[in-house]
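Here is how the chains run, residue by residue.
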Amino acid sequence: MRLSAKGRYGLEALILMAESGDSPVSSGELAGRLGISKAYLEQILVPLKTAGLLTASKGAQGGYRLSRPLDRLTAWDVLSVCELSLAAGGEPRADVMPSPAAQAVDELIVSPAYAVLRRALETVTLSDLAARTEEYAAISGYMANL
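These numbers come from a predicted model, not from an experiment. (Residues numbered from 1 in each chain as written. Predicted model: local features only at pLDDT ≥ 70, side-chain atom pairs only at ≥ 80, totals over all residues. Heavy atoms only, no water.)

## Structural notes on the overall build of the protein chain
Next up, step 1: The number of helices and strands found in the protein chain is 7 helices and 2 strands.
Next up, step 2: Along the chain direction, N to C, the helices and strands of the protein chain fall in the order α-α-α-β-β-α-α-α-α.
Next up, step 3: The principal-axis extents of the C-alpha atoms in the protein chain amount to approximately 55 × 35 × 25 Å.
Next up, step 4: Expressed as a percentage of contacts within the protein chain between residues at least 6 apart in sequence, the contacts between residues at least 24 apart total 65%. (Helix = DSSP H or I, 4+ residues; strand = E, 2+ residues; numbered from the N terminus. Contact = heavy atoms within 4.5 Å.)

## A closer look at the environment of Ser4
Next up, step 1: Mapping Ser4 onto the fold places it in the segment before α1 (5-19).
Next up, step 2: For the pair Ser4 and Gly59, spaced 55 residues apart in the sequence, the C-alpha separation amounts to 31 Å.
Next up, step 3: Excluding residues within four positions of it along the chain, Ser4 makes contact with Cys82 and Glu83.

## Considering the packing of α1 against helix α7 (residues 126-140)
Next up, step 1: Relative to each other, α1 and α7 sit at 75°, their axes nearing to 10 Å. When the axis of α1 is compared with that of α7, the two are roughly perpendicular. In this structure, α1 uses Leu11, Leu14, Ile15 and Glu19 to contact α7, whose residues at the interface are Leu126, Leu129, Ala130 and Thr133.
Next up, step 2: Within the contact of α1 with α7, the residues separate by chemical class into 6 nonpolar, 1 polar and 1 charged. (Axes fitted to C-alpha atoms, helices over the stretch in contact; angles between N-to-C directions. Parallel < 35°, antiparallel > 145°, perpendicular 65-115°, else oblique. Nonpolar A, V, L, I, M, F, W, Y, C, P; charged D, E, K, R; others polar.)

## Comments concerning the pattern of salt bridges
Next up, step 1: Counted under the stated rule, the structure contains 3 salt bridges.
Next up, step 2: Two residues, Glu122 and Arg118, come together in a salt bridge whose shortest N-O distance is 2.9 Å. Highlighted residues: Glu122 and Arg118, both in helix α6 (residues 100-122), separated by 4 residues, approximately one helical turn.
Next up, step 3: A residue is classified by how much of its surface remains accessible, and Glu122, at 34% relative accessible area, is partly exposed. (Salt bridge = Lys/Arg side-chain N within 4 Å of Asp/Glu carboxyl O. Buried < 20%, exposed > 50% of the residue type's maximum accessible area, 1.4 Å probe, protein only.)

## So, the packing of helix α4 (residues 75-82) against α6
How two helices sit against one another is set out by the angle between their axes and by the gap between those axes.
Next up, step 1: It is the contact of α4 with α6, at a shortest axis distance of 7 Å, that shows an interaxial angle of 125°. In terms of axis orientation, α4 runs oblique to α6. Packed against α4, whose contacting residues are Ala75, Trp76 and Leu79, the element α6 presents Tyr114, Arg118, Leu121 and Glu122 at the interface.
Next up, step 2: For the contact of α4 with α6, the residue count by class is 5 nonpolar, no polar and 2 charged.

Here it is in C-alpha coordinates:
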(Lines give C-alpha, C1' and ligand atoms only; values in the text may rest on other atoms or scores of the structure.)
Protein backbone atom coordinates (compact mmCIF):
# COMPACT_ATOMS: atom_id res chain seq x y z
CA MET A 1 0.00 0.00 0.00
CA ARG A 2 1.25 3.44 -0.83
CA LEU A 3 0.32 6.35 1.43
CA SER A 4 0.04 9.85 0.07
CA ALA A 5 1.89 12.73 1.69
CA LYS A 6 -1.41 13.88 3.22
CA GLY A 7 -1.93 10.49 4.86
CA ARG A 8 1.59 10.39 6.27
CA TYR A 9 1.50 13.98 7.49
CA GLY A 10 -1.94 13.42 9.00
CA LEU A 11 -0.66 10.52 11.07
CA GLU A 12 2.55 12.34 12.01
CA ALA A 13 0.66 15.48 13.04
CA LEU A 14 -1.60 13.49 15.34
CA ILE A 15 1.40 11.71 16.88
CA LEU A 16 2.98 15.12 17.58
CA MET A 17 -0.28 16.29 19.14
CA ALA A 18 -0.28 13.19 21.32
CA GLU A 19 3.17 14.13 22.61
CA SER A 20 1.79 17.47 23.82
CA GLY A 21 -0.80 15.78 26.03
CA ASP A 22 -3.88 17.90 26.57
CA SER A 23 -2.24 21.15 25.52
CA PRO A 24 -3.36 22.59 22.17
CA VAL A 25 -0.75 22.71 19.44
CA SER A 26 -0.81 25.47 16.83
CA SER A 27 -0.82 24.57 13.16
CA GLY A 28 2.24 26.78 12.72
CA GLU A 29 4.17 24.83 15.34
CA LEU A 30 3.08 21.50 13.84
CA ALA A 31 3.94 22.64 10.31
CA GLY A 32 7.40 23.68 11.47
CA ARG A 33 7.98 20.34 13.14
CA LEU A 34 6.82 18.49 10.04
CA GLY A 35 8.77 20.71 7.65
CA ILE A 36 5.73 21.66 5.58
CA SER A 37 3.80 24.87 5.02
CA LYS A 38 1.06 25.88 7.43
CA ALA A 39 -1.37 26.23 4.50
CA TYR A 40 -0.71 22.64 3.39
CA LEU A 41 -1.07 21.33 6.93
CA GLU A 42 -4.40 23.13 7.31
CA GLN A 43 -5.64 21.19 4.24
CA ILE A 44 -5.01 18.06 6.29
CA LEU A 45 -6.15 19.24 9.73
CA VAL A 46 -9.46 20.81 8.71
CA PRO A 47 -10.91 17.55 7.31
CA LEU A 48 -9.67 15.70 10.41
CA LYS A 49 -11.47 18.28 12.56
CA THR A 50 -14.60 18.00 10.42
CA ALA A 51 -14.47 14.22 10.87
CA GLY A 52 -14.42 14.71 14.65
CA LEU A 53 -10.88 13.49 15.24
CA LEU A 54 -9.60 16.89 16.37
CA THR A 55 -10.91 19.87 18.24
CA ALA A 56 -9.68 23.40 17.67
CA SER A 57 -9.57 26.46 19.85
CA LYS A 58 -8.85 30.01 18.78
CA GLY A 59 -6.74 32.67 20.41
CA ALA A 60 -3.20 33.12 21.60
CA GLN A 61 -3.24 29.83 23.49
CA GLY A 62 -5.32 28.05 20.85
CA GLY A 63 -4.54 25.21 18.54
CA TYR A 64 -5.53 21.66 17.79
CA ARG A 65 -6.01 18.74 20.17
CA LEU A 66 -7.04 15.14 19.77
CA SER A 67 -10.75 14.67 20.39
CA ARG A 68 -10.41 11.16 21.81
CA PRO A 69 -7.88 9.22 23.86
CA LEU A 70 -5.00 7.75 21.85
CA ASP A 71 -6.21 4.20 22.31
CA ARG A 72 -9.56 5.15 20.72
CA LEU A 73 -8.09 6.67 17.54
CA THR A 74 -6.92 4.26 14.85
CA ALA A 75 -4.80 4.54 11.74
CA TRP A 76 -8.02 3.78 9.84
CA ASP A 77 -9.74 6.80 11.42
CA VAL A 78 -7.01 9.12 10.14
CA LEU A 79 -6.27 7.53 6.79
CA SER A 80 -9.91 7.13 5.79
CA VAL A 81 -10.13 10.94 6.01
CA CYS A 82 -6.76 11.76 4.41
CA GLU A 83 -6.55 9.12 1.69
CA LEU A 84 -9.06 9.58 -1.13
CA SER A 85 -8.59 6.00 -2.30
CA LEU A 86 -9.69 4.69 1.10
CA ALA A 87 -12.56 7.15 1.33
CA ALA A 88 -13.93 5.65 -1.90
CA GLY A 89 -14.46 2.47 0.07
CA GLY A 90 -13.22 0.05 -2.53
CA GLU A 91 -16.64 0.19 -4.10
CA PRO A 92 -17.43 0.81 -7.76
CA ARG A 93 -18.90 4.16 -8.69
CA ALA A 94 -22.66 4.14 -8.21
CA ASP A 95 -23.29 6.42 -11.20
CA VAL A 96 -21.74 4.02 -13.72
CA MET A 97 -22.94 0.55 -14.64
CA PRO A 98 -19.75 -1.53 -14.41
CA SER A 99 -18.89 -4.10 -17.04
CA PRO A 100 -19.10 -7.79 -16.11
CA ALA A 101 -15.28 -7.89 -15.94
CA ALA A 102 -15.23 -4.89 -13.62
CA GLN A 103 -17.85 -6.53 -11.41
CA ALA A 104 -15.74 -9.69 -11.20
CA VAL A 105 -12.58 -7.72 -10.34
CA ASP A 106 -14.45 -5.74 -7.67
CA GLU A 107 -16.04 -8.84 -6.14
CA LEU A 108 -12.99 -11.10 -6.11
CA ILE A 109 -10.12 -8.64 -5.67
CA VAL A 110 -10.97 -5.05 -4.77
CA SER A 111 -13.63 -5.60 -2.09
CA PRO A 112 -11.77 -8.39 -0.23
CA ALA A 113 -8.46 -6.49 -0.36
CA TYR A 114 -10.15 -3.34 0.90
CA ALA A 115 -11.74 -5.28 3.79
CA VAL A 116 -8.38 -6.79 4.82
CA LEU A 117 -6.67 -3.39 4.65
CA ARG A 118 -9.40 -1.76 6.72
CA ARG A 119 -9.23 -4.47 9.40
CA ALA A 120 -5.44 -4.11 9.57
CA LEU A 121 -5.57 -0.32 9.90
CA GLU A 122 -8.29 -0.55 12.55
CA THR A 123 -5.97 -2.61 14.76
CA VAL A 124 -3.25 0.08 14.92
CA THR A 125 -4.08 2.83 17.40
CA LEU A 126 -2.46 6.20 17.80
CA SER A 127 -1.32 4.89 21.16
CA ASP A 128 0.61 2.15 19.30
CA LEU A 129 2.11 4.70 16.92
CA ALA A 130 3.06 7.08 19.73
CA ALA A 131 4.72 4.27 21.70
CA ARG A 132 6.72 3.13 18.67
CA THR A 133 7.67 6.74 17.95
CA GLU A 134 9.07 7.04 21.49
CA GLU A 135 11.03 3.81 21.01
CA TYR A 136 12.60 5.07 17.77
CA ALA A 137 13.31 8.48 19.33
CA ALA A 138 15.08 6.82 22.27
CA ILE A 139 17.16 4.61 19.97
CA SER A 140 18.17 7.47 17.70
CA GLY A 141 18.49 10.12 20.39
CA TYR A 142 15.95 12.26 18.55
CA MET A 143 14.26 14.89 20.71
CA ALA A 144 10.61 14.89 19.61
CA ASN A 145 8.94 16.80 22.44
CA LEU A 146 6.93 19.90 21.61
